[in-house]
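Structural overview for review
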Amino acid sequence: HLDWSAGGVPQQRLAALLAKLRARGGRRVVLVAHHALAHPEGIRGRAVPRNARETLAALRAEGVEAVLCGHLHRSAVIGDRPALVLAASALSPRLK
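Bringing the pattern of salt bridges into the picture now. The tally for this structure, following the rule as stated, stands at three salt bridges. Between Arg22 and Glu62 there is a salt bridge, with the nearest N and O atoms lying 2.9 Å from each other. Here Glu62 lies in the loop between helix H2 (52-61) and strand S2 (66-69) and Arg22 lies in helix H1 (residues 11-22), a separation of 40 residues in the sequence. Using a relative accessible area of 57% as the deciding quantity, one classes Arg22 as exposed. Its relative accessible area of 17% is what places Glu62 among the buried residues. In this structure, Arg81 and Glu65 form a salt bridge, with 3.4 Å as the shortest nitrogen-oxygen distance. Of the two residues, Arg81 sits in the loop between strand S3 (76-78) and strand S4 (83-86) while Glu65 sits in the loop between H2 and S2, which places them 16 residues apart along the sequence. Here Arg81 falls in the partly exposed class, since its relative accessible area comes to 48%. Judged by its relative accessible area of 19%, Glu65 is buried. Connected via shared salt-bridge partners are Arg28, Glu65 and Arg81.

On to a nonpolar patch on the surface, then. A contiguous nonpolar surface patch, about 270 Å² in accessible area, is contributed by Val30, Val32 and Leu68. As for its placement among the helices and strands, Leu68 is situated in strand S2.

This part takes up H2. Taken together, the buried positions of H2 are occupied by Ala52, Thr55, Leu56, Ala58 and Leu59. All buried residues of H2 lie within an arc of 165 degrees about the axis, which places them on one face of the element. Among the exposed residues of H2, those oriented more than 90 degrees off its buried face are Arg53 and Ala61. Its buried side turned inward, H2 meets H1, strand S1 (30-32), S2 and S4. Positive phi shows up at Gly63, right after H2, with a value of about 80 degrees.

This part is about empty space enclosed by the protein. Enumeration over the complete set of coordinates arrives at one cavity of 30 Å³ or more. The calculated volume of the largest cavity comes to roughly 30 Å³. Forming the walls of the largest cavity are Ala6, His35, Ala36, His39, Arg46, Ala47, Pro49, His71 and Leu72. For the lining of the largest cavity, the class distribution of residues is five nonpolar, three polar and one charged.

Cut-offs used in this document
Residues numbered from 1 in each chain as written. Predicted model: local features only at pLDDT ≥ 70, side-chain atom pairs only at ≥ 80, totals over all residues. Heavy atoms only, no water. Salt bridge = Lys/Arg side-chain N within 4 Å of Asp/Glu carboxyl O. Helix = DSSP H or I, 4+ residues; strand = E, 2+ residues; numbered from the N terminus. Buried < 20%, exposed > 50% of the residue type's maximum accessible area, 1.4 Å probe, protein only. Patch = residues over 30% accessible without salt bridge, like charges linked within 9 Å, V, L, I, M, F, W, Y side chains within 5 Å. Areas by Shrake-Rupley, 256 points an atom, 1.4 Å probe, with all protein chains shown as cover. Arc of directions from axis to C-beta. Contact = heavy atoms within 4.5 Å. 1 Å grid on protein atoms, 1.4 Å probe; cavity = no way out; pocket = protein on both sides within 12 Å on 5 of 7 lines; lining within 4 Å. Points joined across faces, edges and corners; volume = space filled by probe spheres on them. Nonpolar A, V, L, I, M, F, W, Y, C, P; charged D, E, K, R; others polar.

As structure tokens, this is what we get:
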């Protein structure tokens, strides 16, 4: 079934983001997103956002340092350049 809660990165938004990244003038970039563009081991039954793989490849090509994200209520660091830094909710009572 379609996991609507997985989110996605529409092509027009990715294009707009890439345009901003290309105009940044050499500044280092850390991106913040709600949905994790990849999942750590042990996550079952949850889809990654639509176009996540393409988005990660584009962010890597543009030199993004890291992507800070959440949604899964788990803490993890996945890969590098960009590193995906998943933060568990500090304010949520959920124990997922």
